[in-house]
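Secondary and tertiary structure notes
The primary structure of each chain is shown beneath.
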Amino acid sequence: MAVKDRDRFSTATRIRLLGEQTAARVYRSQTKRQARRSRLTGRAALLALVLCSLVVALAYPIRQYVSQRAEIADLQREQDQARQRVEQLRDLKARWQDDAYAEQQIRQRLHYVMPGETGFIVVDPGAAQQSRADLGAADRPWYSNVWDGVDKSDASDQ
């Protein structure tokens, strides 16, 4: 028993016991951390699930809200443009109420002249050259002219 007591109080035995106690504490703390991690992971999963369900539940109403706000902004813009157009038309109507403006427009648009005045029309010289270019079509057969007319009208649609 004396050897046992001596071993019990020896430095090597004390260090070994101290190491075993420390290892036991570390093991216990690690198991506690693992237990905490598992609870925290479950809570985190539940929180993530709740957040995802909120996002899914609110996604459609938020999208509708944003699209309706955009539509409202477009309608307000159209309304402002319509108001501006109405103002322009009112101004134009007021101008046409004036006899001097109406007379000026009739002279410009319809080429009317007052009695005793002489009217002149200036012809564009480029138009005469263009009509001369069309004279070359008289030398070709009629069906070529018809086909060129179809091609020109088809090209003007595009």
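With that settled, the discussion passes to the confidence of the model for the chain. The predicted model of the chain averages 82 in pLDDT, with 79% of residues at 70 or higher. Element-level pLDDT for the chain is lowest in helix α1 (residues 2–8), with a mean of 56, against a maximum mean of 91 in helix α3 (residues 99–110).

Turning next to the environment of Tyr112. When you line up the elements, Tyr112 lands in the loop between α3 and α4 (125–134). We classify Tyr112 as exposed; its relative accessible area is 52%.

Take α3 next. Taking 1.5 Å as the rise per residue, α3 with 12 residues should run 16 Å; its terminal C-alpha atoms sit 16 Å apart, in good agreement. Buried residues of α3: Tyr101, Ala102 and Gln105, and no others. Angularly, the buried residues of α3 cover 95° about the axis, an arc narrow enough to put them on a single face. Of the residues in α3, the exposed ones pointing more than 90 degrees away from the buried face are Asp99 and Ala100. With its phi angle positive at about 60°, His111 sits one or two positions after the end of α3.

In this section: the packing of aromatic side chains. By the definition in use, this model includes 2 aromatic pairs. With 5.4 Å between their ring centres and 80° between their planes, Trp96 and Tyr101 make a pair best called edge-to-face. Each ring, one from Trp142 and one from Tyr143, has its centre 5.9 Å from the other, and the planes form 80°; the classification is edge-to-face. The two residues Trp142 and Tyr143 agree in class, both being exposed.

The rules behind these values
Residues numbered from 1 in each chain as written. Predicted model: local features only at pLDDT ≥ 70, side-chain atom pairs only at ≥ 80, totals over all residues. Heavy atoms only, no water. pLDDT = per-residue confidence, 0-100. Helix = DSSP H or I, 4+ residues; strand = E, 2+ residues; numbered from the N terminus. Buried < 20%, exposed > 50% of the residue type's maximum accessible area, 1.4 Å probe, protein only. Expected span 1.5 Å × (residues − 1). Arc of directions from axis to C-beta. Phe/Tyr/Trp six-rings, centres within 6.5 Å; stacked < 30°, edge-to-face > 60°.

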